[in-house]
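Fold and contact review
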Amino acid sequence: MASSESNINEGATSNETTDEKNEQGQESGAASSATECEMVDFKVIFNKKKHDVTYSLNETVASLKVHIAEITGVPATMQKLMFKGLVKDDMTLRDLKVTPGSKLMLVGSTVDDVIEATKLPDKTAEVGGEEKGRSVSASLDHRVRLFQW
């Protein structure tokens, strides 16, 4: 009879361990779902302005750039994010080890800034006292004619 009692006790022990495993699995499942939507608060610095951002740790830098584009006006394709070095688009914020209060630096230009920088200057050049009022291209035009064969 001792052997049958030991089998019963073993069965109870195995059921208890199975129940414990199920509870642990549910707890770890809850923990994993909590980490799936775990948010982090950090700052993005652009043009000496600090922007407060709250974003998911499991999202990629590429999706963060789209979010930052809405905030700063800098298109995602023209952004470079710095956090302990240049950040790659396929990394997640968790991979980067972004913690609450972290600071990411944004380097980039808005579309308006690029358009402004590419405009031709309307200023006139002073090339000697007599040539006031002539444009820069007109004053350099004589040099081009000299070198044409």
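Counting 19 residues, the largest nonpolar core has F42, L64, L81, L93 and V98 as the members making the most contacts within it. When contributions to this core are tallied by element, the ones reaching two or more residues are β1 (39–46), β2 (49–56), α2 (61–72), α3 (93–96) and β4 (103–107). Sorting elements by how many residues they give to this core places β1 first, with four residues. In this structure, L81 is in contact with V61, L64, K65, I68, L86, V87, L104, M105 and L106, ignoring residues within four places of it in sequence.

Topologically, M78 is positioned in the loop between α2 and β3 (80–82). M78 sits in the partly exposed class, given a relative accessible area of 33%. A sequence separation of 30 residues divides M78 from G108, and the C-alpha atoms of the two residues are 5.6 Å apart. Excluding residues within four positions of it along the chain, M78 makes contact with V107, G108, S109 and V114.

Take the side chain of H51 next. If you trace the backbone, H51 turns up in strand β2. Taking relative accessible area as the criterion, H51 reaches 19% and is therefore assigned buried.

With that out of the way, let us pick up α2. Here α2 spans 16 Å end to end across 12 residues, near enough to the 16 Å set by a 1.5 Å rise per residue. Taken residue by residue, α2 has V61, L64, K65, I68 and T72 as its buried positions. Projection of α2 onto a plane perpendicular to its axis shows the buried side chains occupying an angular sector of 105°, all on one side. For α2, the secondary structure elements touched by its buried residues are β1, β2, β3, α3 and β4. In the stretch just after α2, G73 is the one whose phi turns positive, near 85°.

Another point: unusual backbone geometry. The backbone of N47 sits at a positive phi, close to 55°, despite the residue not being glycine. Of note, N47 is situated in the loop between β1 and β2. One non-glycine residue with positive phi stands out, namely K84, at about 60°. By the element assignment, K84 lies in the loop between β3 and α3.

Time to look at the pairing of β1. Along β1, the buried face is formed by V40, F42, V44 and F46; none of M39, D41, K43 and I45, which line the opposite face, is buried. Sheet analysis places β1 next to β2, joined by eight bridges and oriented antiparallel. Residue pairing for β2: D41 is matched across the bridge by T54. Here β1 hands over to β2 after two residues, with N47 in that stretch at a positive phi of 55°. Pairing between β1 and β4: three bridges, direction parallel. Looking at β4, one finds that V44 is bridged to L104.

This part takes up the sheet that holds β4. What links the strands of a sheet is backbone hydrogen bonding, and the strands pair in either a parallel or an antiparallel sense. With mixed pairing, the four strands of this open sheet are ordered in space as β2-β1-β4-β3. Both edges of this open sheet fall to β2 and β3, since each of them pairs with a single strand only. Strand-to-strand twist across the sheet, computed as the mean angle between neighbouring axes with direction ignored, equals 35°. Packing of α2 onto the sheet brings it into contact with β1, β2, β3 and β4, and relative to β2 it is tilted by some 140°.

Calculation notes
The residue count restarts for each chain, going from 1 along the sequence in the order it is written. Whole-chain, interface and lining totals are the exception, using all residues; otherwise, since this is a predicted model, local features are given only for residues with pLDDT of at least 70 and side-chain atom pairs are given and counted only at 80 or more. Water and hydrogen atoms were dropped before computing side-chain values, which therefore reflect all heavy atoms in the structure. Remark: nonpolar core denotes a set of buried residues (Ala, Val, Leu, Ile, Met, Phe, Trp, Tyr, Cys) joined through side-chain atoms within 4.5 Å. Burial status follows relative accessibility: with a 1.4 Å probe on protein chains alone, a residue under 20% of its type maximum counts as buried, one over 50% as exposed, and anything between as partly exposed. Working definition: helices are DSSP H or I runs of at least four residues, strands are E runs of at least two. Numbering for both runs from the N terminus. Working rule for contacts: check all heavy atoms of both residues, and any pair within 4.5 Å makes them a contact. The length a helix should cover is 1.5 Å for every residue beyond the first. An arc is given here, and it is the one of the directions from the helix axis to the C-beta atoms. Paired strands, as defined in this entry, are two strands with at least two bridges between them according to DSSP. Interaxial angle, 0 to 180 degrees, is taken between N-to-C directions of lines fitted to C-alpha atoms, where a helix line uses only the stretch in contact.

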